[in-house]
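Descriptive structure summary
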Amino acid sequence: MHLNHLLQTTVVFIALSCICKSVYGKKIKKYTCPIGFSIAYTTDKGHPICYRLKGPEKFTDQYKDCVGNLYTSKLYLALNFTSPNIVLWTEFKSLYAGGTFVDWSYTKTMGSELDSSFEVNIDPTIDTGEGLCVAINPISNFTAVKCTDNYYRYCFLKPYPDEDEVSDTGCDGLRDAVRFWSPESTCLTVLTGVGGGTVRATWKQAQDLCAKRGGSLLNRGWRYSNNPMFHESGFNNTYPLGMIMSSDLNTLRYDSTNDQSEIPNSDWNFEDNCNNSDTLFGAIRDDLWYLVNGSYIFFDVICERNVPIKNLSMLLDIDLDNKVTLTVNNSITSDRVYCYTDSVLRYPTKVGKRKKEDTNTFVIKPERDGYYWCTHVDVRNYHVAESNKKLFIREKESLDNVYAVLLRHYRKIKLDIVEKLTRIWEVKLKEYIYLRTKYESVFGEMSTNRTEEVLKSFKESNPGLDLKEKIVVQKLNVKRLYLDAQTVLLHVELNPEYKPATPGLWDGIKIVFMKPVYYCKGFDSVPSAALGESVTSAGCRTHSCIGDFNEGVQWVTSATDNCFTRTPVEVDTEVQFSTELRHSMPTPKPSKGPPEKPNSSSSSESNEDNSDVTSTTPIVEVTLTTSTIPPEEVITVTSTPEEILTGTPFIPTTPITTTTTTTTTTTTTTPKPPDQVLQQVMQDLDNLINNDSVPIFVDDIGDIFNQVDHLLEDSDNLEIPGQFLHLLDRLGSSIELNGSKVVTAVRSNIALVMANAEPDNPVRGIRIATRQDDSFNNDAFEVFNAAPNNTALQSDESEAVVVLPGSISDTMRRVSFVVFRNDRAFQDTNMHHVNSRVLSIKVENLTKFENGEVIDIHLSPLSANITRNQSRTCGYWQFLDDGTGFWSQEGCTFIRSKTGQLDTCRCTHLTHFAEILVPRAVFPEHHENILELLTVIGCCLSLFGLALVAVTAIMFRSWRRDFSNKIWLQLCIAIFLLALSFLIVIFARFAVYNVPCMIIGIVLHYSVLASFCWMLVAAVLSYRRLVLVFTRDASHKLLRASAFSWGIPLAIVGILLSVAPNSYAGRFEEKTPSGSFCYPSGIGLWVTVFAPIGVVILVNWTLFFLIVRSVFASRRIQRHGDSNEALRCASVSCLLVFLFGLPWIFGLFAANIVAAYLFTLTASYQGFILFLFFVIGNKKTRDLWLNKLKIKQTRKVPVTSSTYSNRSTAWRPNTSTIETKVSKPKSLSTPDDSRFS
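What you see as residue numbers is a count from 1 along each chain, following the sequence as written. Under the rules for a predicted model, residues below a pLDDT of 70 receive no local features and side-chain atom pairs below 80 are neither given nor counted, while totals for whole chains, interfaces and linings still include all residues. Hydrogens and waters are ignored; side-chain quantities use all the structure's heavy atoms.

Considerations on the overall build of the protein
Note the cut-off: Per the convention used, a helix needs a DSSP run of H or I reaching at least four residues, while a strand needs a run of E reaching at least two, with both numbered from the N terminus. Burial classification: accessible surface area is computed with a 1.4 Å probe over protein chains only, and a residue below 20% of its type maximum counts as buried, one above 50% as exposed, and the rest as partly exposed. Here, residues are in contact when the closest pair of their heavy atoms is within 4.5 Å. Working definition of accessibility: Shrake-Rupley area with a 1.4 Å probe, residue cover restricted to the visible protein chains.
On a plain count of helices and strands, the protein comes out with 22 helices and 56 strands. Looking at the 1237 residues of the protein, the share that counts as buried comes to 45%. By sequence separation, contacts in the protein at least 24 residues apart represent 69% of the contacts at least 6 residues apart. When the accessible surface of the protein is split by element, carbon and sulfur atoms take 54% of a total near 64200 Å².

Looking at the packing of aromatic side chains
The test is simple: In this scheme Phe, Tyr and Trp rings, the latter by its six-membered ring, pair at centre separations within 6.5 Å, and the angle between planes marks the pair as stacked below 30 degrees, edge-to-face above 60, and tilted otherwise.
Applying the stated criterion to the full structure yields 43 aromatic pairs. Aromatic side chains tyrosine 76 and tyrosine 154 sit 5.8 Å apart centroid to centroid with 25 degrees between the ring planes, which places their arrangement in the stacked category. Residue tyrosine 76 is found in helix α2 (residues 73-78), and its partner tyrosine 154 is found in strand β8 (residues 151-157); the two are separated by 78 residues along the sequence. According to the relative accessible area criterion, tyrosine 76 is buried, its value standing at 6%. Under the relative-accessibility criterion, tyrosine 154 is labelled buried at 5%. With a centroid separation of 5.2 Å and 75 degrees between ring planes, the pair formed by tryptophan 89 and tyrosine 151 is classed as edge-to-face. Linking tryptophan 89 in strand β3 (residues 88-94) with tyrosine 151 in strand β8, this pair joins segments that are 62 residues apart in sequence. Of the aromatic side chains, those joined through ring pairs into one cluster are Tyr51, Tyr71, Tyr76, Tyr154 and Phe156.

Things to note about the confidence of the model for the protein
Rules: Per-residue confidence from the prediction method is given by pLDDT, with values spanning 0 to 100.
This prediction gives the protein a mean pLDDT of 78; 80% of its residues lie at or above 70. Counted against residues more than four places away or in other chains, residues 19-26, with its pLDDT under 50, gives three contacts. Predicted confidence is poor over residues 1196-1237, with pLDDT under 50, and the contacts of this stretch with residues over four places away or in other chains come to 86 contacts.

Let's talk about the state of the cysteines
This is how the line gets drawn: The definition used for a disulfide is geometric: two cysteine sulfur atoms within 2.5 Å.
One pass over the full model with this rule turns up nine disulfides. With a sulfur-sulfur separation of 1.9 Å, cysteine 66 is cross-linked through a disulfide to cysteine 155. Handedness here is read from the sign of the S-S torsion; for cysteine 66 and cysteine 155, about 75 degrees, the answer is right-handed. Of this pair, cysteine 66 sits in the loop between β2 (48-57) and α2 while cysteine 155 sits in strand β8, and the two are 89 residues apart along the sequence. Here cysteine 874 engages in a disulfide with cysteine 905; their sulfurs sit 2.0 Å apart. Where cysteine 874 bonds to cysteine 905 through sulfur, the torsion about that S-S bond is close to -100 degrees, and the disulfide is left-handed. Taken together, the positions of cysteine 874 in strand β50 (residues 870-879) and cysteine 905 in strand β53 (residues 903-907) put the pair 31 residues apart, joining distant regions of the chain. Judged by its relative accessible area of 2%, cysteine 874 is buried. Judged by its relative accessible area of 2%, cysteine 905 is buried. Counting only cysteine sulfurs, cysteine 939 is the nearest neighbor of cysteine 940, a cysteine outside any disulfide, at a range of 7.0 Å.

Some remarks on the pairing of strand β35 (residues 552-559)
Within a regular beta strand, the side chains point alternately toward one face of the sheet and then the other, so they alternate between its two faces. Note the following rule: Two strands are counted as paired when DSSP detects at least two bridges linking them.
With eight bridges joining them, strand β34 (residues 541-548) and β35 adopt antiparallel strand pairing. Bridging from a neighbouring strand, glycine 547 pairs with valine 553 of β35. Remark: three residues form the turn of the hairpin made by β34 and β35, two consecutive strands paired antiparallel.

Some words on the sheet that holds strand β29 (residues 504-506)
Two modes of strand pairing occur in sheets, parallel and antiparallel, and in both the strands are linked by backbone hydrogen bonds. Under the convention used in this document: Fitted lines through C-alpha atoms serve as axes, helices being fitted only where they are in contact, and the angles separating the N-to-C directions of these axes extend from 0 to 180 degrees.
The antiparallel open sheet is built from five strands, whose spatial order is β27-β28-β26-β30-β29. Edge positions in the open sheet fall to β27 (473-481) and β29, since each of these has one partner strand only. Neighbour to neighbour, the strand axes of the sheet diverge by 30 degrees on average, direction disregarded. Of the pairings in the sheet, the one linking β27 to strand β28 (residues 487-494) comprises seven bridges and is antiparallel in character. In the strand pairing of β28, valine 478 is matched with leucine 490. Against the sheet, helix α5 (residues 418-443) engages β26 (402-409), β27, β28, β29 and β30 (509-516), with an angle of about 125 degrees to β27.

Points about a nonpolar patch on the surface
The condition is simple: A patch consists of residues exposed above 30% relative accessible area that lack any salt bridge, with like charges linked at up to 9 Å and nonpolar side chains (Val, Leu, Ile, Met, Phe, Trp, Tyr) linked at up to 5 Å. Whenever a carboxyl oxygen of Asp or Glu lies within 4 Å of a side-chain nitrogen of Lys or Arg, that contact is scored as a salt bridge.
Together, Ile1083, Trp1086, Val1087 and Phe1090 make up an exposed nonpolar region whose accessible area comes to about 470 Å². Secondary-structure assignment places phenylalanine 1090 in helix α16 (residues 1083-1112). Under the relative-accessibility criterion, phenylalanine 1090 is labelled partly exposed at 37%.

Topic: the nonpolar core
In globular proteins that are soluble, nonpolar side chains generally tend to be buried together. The condition is simple: For this analysis, a nonpolar core means a set of buried residues of the types Ala, Val, Leu, Ile, Met, Phe, Trp, Tyr and Cys, connected via side-chain atoms within 4.5 Å.
Within the largest apolar cluster, 67 residues are counted, with the highest numbers of intra-cluster contacts made by Ile967, Phe1012, Trp1014, Leu1139, Phe1140, Leu1170 and Phe1174. Of all the secondary-structure elements, those providing two or more residues to this core are α11 (925-955), α13 (963-988), α14 (995-1028), α15 (1037-1059), α16, α18 (1123-1139), α19 (1153-1163) and α20 (1166-1176). The element best represented in this core is α14, accounting for 16 residues. Listed in part, the 39 residues of the second largest apolar core include Val677, Ile696, Leu711 and Leu727.

Describing the packing of helix α8 (residues 674-690) against helix α9 (residues 702-711)
When two helices pack together, their arrangement is captured by the angle between the axes and the distance separating the axes. In plain terms, the rule: Throughout, a crossing is termed right-handed when the near helix is turned clockwise from the far one, and left-handed when it is turned anticlockwise from it by less than a right angle. Note on residue classes: Ala, Val, Leu, Ile, Met, Phe, Trp, Tyr, Cys and Pro are nonpolar, Asp, Glu, Lys and Arg are charged, and everything else, Gly too, is polar.
At a closest axis distance of 10 Å, the pairing of α8 and α9 adopts a crossing angle of 145 degrees. Where α8 crosses over α9, the handedness of that crossing is left-handed. Here α8 contributes Pro674, Val677, Leu678, Val681, Asp684, Leu685 and Leu688 to the contact with α9, which in turn contributes Ile704, Gln707, Val708 and Leu711. Of the residues assigned to the contact of α8 with α9, the class counts are nine nonpolar, one polar and one charged.

Concerning the pattern of salt bridges
The tally for this structure, following the rule as stated, stands at 19 salt bridges. Linking glutamate 57 and arginine 153 is a salt bridge whose minimum nitrogen-to-oxygen distance equals 2.6 Å. Taken together, the residues glutamate 57 in strand β2 and arginine 153 in strand β8 connect sequence positions 96 residues apart. Here glutamate 57 falls in the buried class, since its relative accessible area comes to 6%. A salt bridge links arginine 436 to glutamate 440; the shortest N-O distance between them is 2.9 Å. Linking arginine 436 with glutamate 440, this pair stays in helix α5, spanning four residues, or about one helical turn. Glutamate 440 carries the same exposure label as arginine 436, and that label is buried.

Quick look at the side chain of arginine 872
Let me state the cut-off plainly: Identification of polar contacts relies on pairs of N or O atoms within 3.5 Å, with a donor-acceptor requirement for protein atoms, meaning one able to donate a hydrogen and the other able to accept it, and with residues adjacent in sequence counted only if both atoms are side-chain atoms.
Among the structural elements, arginine 872 can be located in strand β50. A residue is classified by how much of its surface remains accessible, and arginine 872, at 11% relative accessible area, is buried. At 3.0 Å, the side chain of arginine 872 and the side chain of glutamate 915 are in polar contact.

Some remarks on the side chain of serine 1007
Its location among the elements puts serine 1007 in helix α14. Looking at serine 1007, its side chain comes within polar contact range of the main-chain oxygen of leucine 1004, at 3.0 Å. Once you skip the residues sitting within four places of it in the chain, serine 1007 turns out to touch Ala974, Leu977, Leu978 and Ser981.

Some details on a positive patch on the surface
The criterion, for reference: Think of it this way: Lys and Arg go in the positive column, Asp and Glu in the negative one, and His and the chain ends go nowhere. The atoms used to mark charge sites are NZ of Lys, CZ of Arg, CG of Asp and CD of Glu.
Taken together, the side chains of Lys108, Lys158, Arg336, Lys350 and Arg380 present a region of like positive charge at the surface. Among the structural elements, arginine 380 can be located in the loop between β23 (370-376) and β24 (385-386).

What to know about a negative patch on the surface
Residues Asp127, Glu719, Asp881 and Asp882 make up a contiguous surface patch of negative charge. Its location among the elements puts aspartate 881 in the loop between β50 and β51 (885-888).

Description of the environment of lysine 428
Examined against the element boundaries, lysine 428 turns out to sit in helix α5. You can call lysine 428 buried: its relative accessible area is 12%. Separated by 79 residues in sequence, lysine 428 and aspartate 507 have C-alpha atoms that sit 7.1 Å apart. Excluding residues that lie within four positions of it along the chain, lysine 428 makes contacts with Tyr410, Trp506, Asp507 and Ile509.

Quick look at the sheet that holds strand β16 (residues 302-306)
With respect to topology, four strands assemble into an open sheet ordered β9-β10-β16-β11, the strand pairing being antiparallel. On the outer flanks of this sheet lie β9 (178-180) and β11 (216-217), each paired with one strand and no other. Alignment of strand β10 (residues 186-190) against β16, held across five bridges, turns out to be antiparallel. Bridged to valine 190 within β16 is isoleucine 302.

Structure representation (structure tokens):
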């Protein structure tokens, strides 16, 4: 035994000797960072990194105030320091609108794709159609944001190098200088006195000495003053700074040879406020700034010479020999130049390059057709530089049949299966193009909104069609992926025998457009043209081929400058129009061999999904006959194409008697694009409203209102600004009623209803009746003068009813309603969908009501069957300063209707209202059902167990007299209330805010707070008894604990109700759709629920760790390895976990499915587990029940009244021995057979 022990000791001694030799035999290197920087180490290899937080700043400001910044998100996540609760930039951004994210860090990994691009959380308030960057959000991790937003970023750099590793590169002109690179590019040198001693100089004298040395006083490089090489040779390490304070102590500026700029207050590094106007010169000591007077003597001086960061220009060009070259304006090394292309993969890939000798020119080695560009990444010496992008085409003729195809997949895709999906997309495109080409060769053009149905029918009726041996798609590659994880851009090379497909649906994919990538196809007399070329045609029209090689090109037609077409043409004949129309049905054409090669004028440039091309086309014939017209008259006929096609005859007013010369001029008008129409409509509305010279009547707005109605069609892809909505509201207040009580202007998509409210003619609201047709009509709108009855609120009678407060009619006011059939003018980026008509109510300049009045908007939902991840609520349109807006819910309460009635939005203000569908994150349905079942079972078991604890207290007087049991009994009562109220919430499923819902919400809120207060009391009591042991008992402990645990929650709930009486009006949406109940929301939820619970959990976890450490540190366990004692300690720890409510911490992470299960399996079963410990597991309590039930026991045990010995009563030692010299928990020093004593 002793020999074995000696051998073990010897081995340990040898091992420790080896460790000490390896550790102390080698000198441990100490790293130092510049002033203001802390040091951290990578978790994998332990590399040191100096770091300092900077910002907020834009994405492009990585190297601002931090030259050569090493920061990347990968390095940040690899360091061993605590992550702050702020949003940080990453190095990822999208290179095209809505595209996936790539590394843009100006490092070797630049250009690589972010693998989790589709998992990046996208802020719903931003437009994904613009370039986005990725930030690290502490809540949702990677988040897409605007690159122009301001967020934080770290300045990462390496610690100071050893003295033998420093250099003087770039320090020419400053003797004995040392080069520093980051965070400031500068050179520093230390002044020495005569004979190498210290310097003795005032601030001004030190400045003159540095000037003679070829520099200035230490200024922007002040962070380097703590470098060990300066400190070791210094006298007192107090250095003059090249900074001067103004006499009013408000402005601090640099005072160096080339820098007199002002220093922002945020960059000041003074220890105390500057309050002495006699000390105006800067100095630094112990890493802090000070101000000194002109007579202060410095014994240490550092001189500085700033090394400016150079600018570099890069020009990429393609010469006549089709060679790609890069020219720079400075001599740089090749290894710092990276060139990229998007022609190989969907993200940038590096291409080869070589530098021409003795030149600043690089030759790029292109691989495929596409865009090329270069970057320079020497960020320590140069500002970030990027060249222009240049399109390289090896053989332009090879692009005749290459098309850009935008597909939208029917479901979300993943990055790791793109290669597999590429083959699927190729097969589906092949089928679609082949079948469509065959169909149109027989029946002509086909309507795009019926493609799938028509083509499948065509395929079934022609079983002889064989796709297997047909080569339709010769080559296909993926060019771009988009953040919606459904849209993909392909480049497809077609067999010349097949024509490009127009938009349509086929087998789960939607072909959005198919455009040529380089050549715009010719049409009529216009020849084909390449990207960037223009063609002028007859009729003073210029056709330009514009676009992008990746996304395709298309024709854009504009009027030719200084060109006129109205030239009279003399015709010696009478003009007569014939309106004979011939209609041709889609009948098969006679077969004449294989399909003809598609005409070059095929409409491949169409990108509209609803651009229907019918196969039935009216044919108009124009014939010329002879008539007699007076020779003295010359008649000018101007006809639009519409007049010709509709066959409107021209009837001259002059008598026709003789032959004359008739001049015929035809003018063709090109429809304006929707955005120009919108601007014109807004200008016309503004002119009409602001014209005070003449009154406006409803007939005056007919033409403008027709254009407004056309703009609000669903098919128009147009962004409508908020000013447009404001103009419509103002229009309702500007129109004269001309003696009428109610005036309406109704179109298919919009209606304007106006009325004057006055005491004799009150206006209480408007009703929109249900209709068979979805479009509006005049009979649908009714203004009523009294409160509506229940019949008017039935969903089968009314589509919407607005009820105004009675005070509206106290004085004469104009009341106007603007009703929108759809949400065309309300494009929300927050993923909110409108589920009703949109109503705007305007009562002159009134926006809010007084004296608690509200407006009720009763709405019929467009869709009653919503998905599980959507919630119906009220919304009003919140206008933003930039002209956009979003749906907000503040000030509105949603009251869900009974069956057959309209839903109600009750609001306290006036604006645009609608019922909206709000997205919410939910778990899969089977997980929610399991969680709900586990919750119900847990709550029921907890109620059962807690009831038995109460029965135990009632049955046994000795049990309930114990102080500890009294505390636990109070805790069980609070948990009983919590479990009971939560069961009611689950089964009641409150849908509206009413008194029962509010009462249950208050009880639930109170019971949660009371439960946590009693858990805190139990934790403090356990700590005092298990750790402190010998403490003085306080008087009235139970009274104080009860006042705290029952009184504090009551005070919190009472204050919340008094400060915000409607605080329980909001429905609290949890992860489960059945979790809708009245509960505090907003700031009230954080202050009165989350904050108290978080504090209690933090304190209880702290006390738990202290108790566990004390329990397991017992000498009995450490020295003797008593397994029974260890098991007893583990049991006590398990009890404390549930007694202190520690499993509730999983609720903080309940958004995760694993945490949700852990929370459900612990928190909802808390009451039952406490019953197991207090009654079943405690031997003394169990013996009470056995004696009561007269069940024979093997051993008679004296019954005590406490699980823990009560110090409020006289303490009596038992028969076992207690070591009084050692202070340890009583539970461990008492040899009680009960495991939980």
